[in-house]
Structures are given as structure tokens and as C-alpha cells.
Amino acid sequence: MNGLPGVLLLGVALLLGAPAGAEDFPLRDKYASVGVPPVETEELAASLDAMAVVDARSRYEFETLHVRDAVSIPLASRDFDESVLALAEESGQPLVFYCNGVTCAVSYKAALKAKEAGVEDARVYDAGVFAWAQAHPEHTVLLGEPLQSVDRLIANEEFERRLLGEDAFYARIEASADPIIVDIRSKDQRQGVSLFQMRDRHVPLTNDNRELGGLVEVAMSENRPMFFVDATGKQVRWLQYYLEGQGVPEYWFLEGGASKIYESMGIQ
């Protein structure tokens, strides 16, 4: 079993080249007054040599798919401030932060935190890595290799085929003889709470996740279905490539992740 991170890449519902409106970039109005300007796809493509691109997502996500030559500085990393200041000083260029897409606020939060740390010129590429991969596969890296062609991306339909709403997710678990339920949230996201009456295994995603690999091997050897839950339904997008690459025949994702369950329970 290889140690490559598993991922899911979505095709992008963004119409490249169309005028950027509030409906296309829902976070721009919210962050318009804080001095963090957005960078458009073609503007970034034309300025790659003049900007230092920063991937603010987890290292796991970065190792799966990233803008070529981007630097991984996760927003959640303990040395975030020191790292962005060092990069700004070393490069002498504006720092451009990105995350997964137009509804992902990580890039904006990272840019704001960088400015608070002392970075003078922090910007965001809020279209995100999915839009970038679609527009410039030649400048994108997938699982350590140049993407080159969007044909290597998993289609929206294939991802959505594995998504189940809360009721259907629970129903399929109950109908399964011996399901393997895996909570891939981080320790901080999970906060010690099992959503499946302690029937689930807590296995946060890492770049060398041997425990997850072991569960996959058990699922395949014993013909057991796998069920995955993350925080908001986004991490599982990165997991699908790994599951497909390992040939797991039956696996399902909880649509919306744990946040949907909390929402249905009236918990914010």
C-alpha cells in the first residue's frame, strides 16, 4: 500500500473568463473592507514569476493537488506567522494565498493573519485550486506529478455518486452487516465527540496514514463497506483518489459532513 495521500478533486462550477460578480465569489463582499485584494486566474497565470503563491490548506491537501511552485504554509500551522514573514522577506514579492474554491475562507483568513503578522502585501486567489487546475493543468501538480490534462481529474458526477444525505447515510450503515465507519476530522474538529455511538474509528488524515491504509485493507479483504465523515464535506473530496487508487469497491461520504448533523440537532 503506498503512502500517497488520497484525494478528491472536483470539477469546477466556475465559468472561467466570466465577469466576477458577487454571486460567483460570495466572500469578496465580506472581505472587501479589510485590504486583501483578490487576484483573478489569468492575472495570476501572467504573474507567477512576480508573486509568491502560498497554499494555506493542510499539508495533506497540498501534497494531493497544488499550484506548481506554490509554498505550503497551512493556516493551522503553529509557525504560520514566522513562515509567511520569512517567505515575504526572502522573495521580496507579494504573497498570494489560495485554498479550495470560492466558498473557502481559508485563503482570506490566511491573508489577514499574514497582514497582522507584518506582511505588507498579502492577496488572495479566491477562485481556488480547482479552478486553477481546470484553467492551467500545465501549472498544476497532482500527487507529485504534473497534471498536464484535466482528464486526470475525477468528475463531479463520480464524486456525487458517493455522497449520501444524513438519513440515507445512517440508513445504509444500519443496513450493512459489518460497516467500517471512519471519522477523518482533526482532533480539534472532533473534540472527542463520536457521532456514531462509538462505532466509528477516529483517523485524521495525514500524509502517512498507516491506520487508514490498514482499515482499507480490512474493508477489501473482508468485503465490508466504508463510510467516511469529515467536518464540512470538503476533506472527503481529497480522499476519493486514494480510495479509487486502492480499488475500494464500496464507500460512501456524508454530504455536508459533521456540520450537517450538528445543524439538524440545532447545534451551531
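Residues numbered from 1 in each chain as written. Predicted model: local features only at pLDDT ≥ 70, side-chain atom pairs only at ≥ 80, totals over all residues. Heavy atoms only, no water.

Engineer: What am I meant to see in the pattern of salt bridges here?
Structural biologist: Close approach of charged atoms lets side chains of opposite charge pair. The full count for this structure, using the stated rule, is 16 salt bridges. Arg 224 is the salt-bridge partner of Asp 178, the closest N and O atoms lying 3.3 Å from each other. Here Asp 178 is found in the loop between α8 (166-175) and β9 (180-183), whereas its partner Arg 224 is found in the loop between α10 (210-221) and β11 (226-229), with 46 residues between them in sequence. Residues Asp 183 and Arg 190 are paired through a salt bridge, measuring 2.8 Å at the closest nitrogen-oxygen approach. Since its relative accessible area comes to 0%, Asp 183 is described here as buried. (Salt bridge = Lys/Arg side-chain N within 4 Å of Asp/Glu carboxyl O. Helix = DSSP H or I, 4+ residues; strand = E, 2+ residues; numbered from the N terminus. Buried < 20%, exposed > 50% of the residue type's maximum accessible area, 1.4 Å probe, protein only.)

Engineer: Help me understand the pairing of β9, please; the structure alone is not making it clear to me.
Structural biologist: The two faces of β9 match: Ile 180 and Val 182 on one face and Ile 181 and Asp 183 on the other face are all buried. Looking at chain direction, β9 and β11 are connected through four bridges and run parallel. Counted as the bridge partner of Val 182 is Phe 228 from β11. Here three bridges tie β9 to strand β10 (residues 200-202), and the two strands are oriented parallel to one another. Its bridge partner being in β10, Val 182 is matched across the sheet by Arg 201. (Pairing = 2+ DSSP bridges.)

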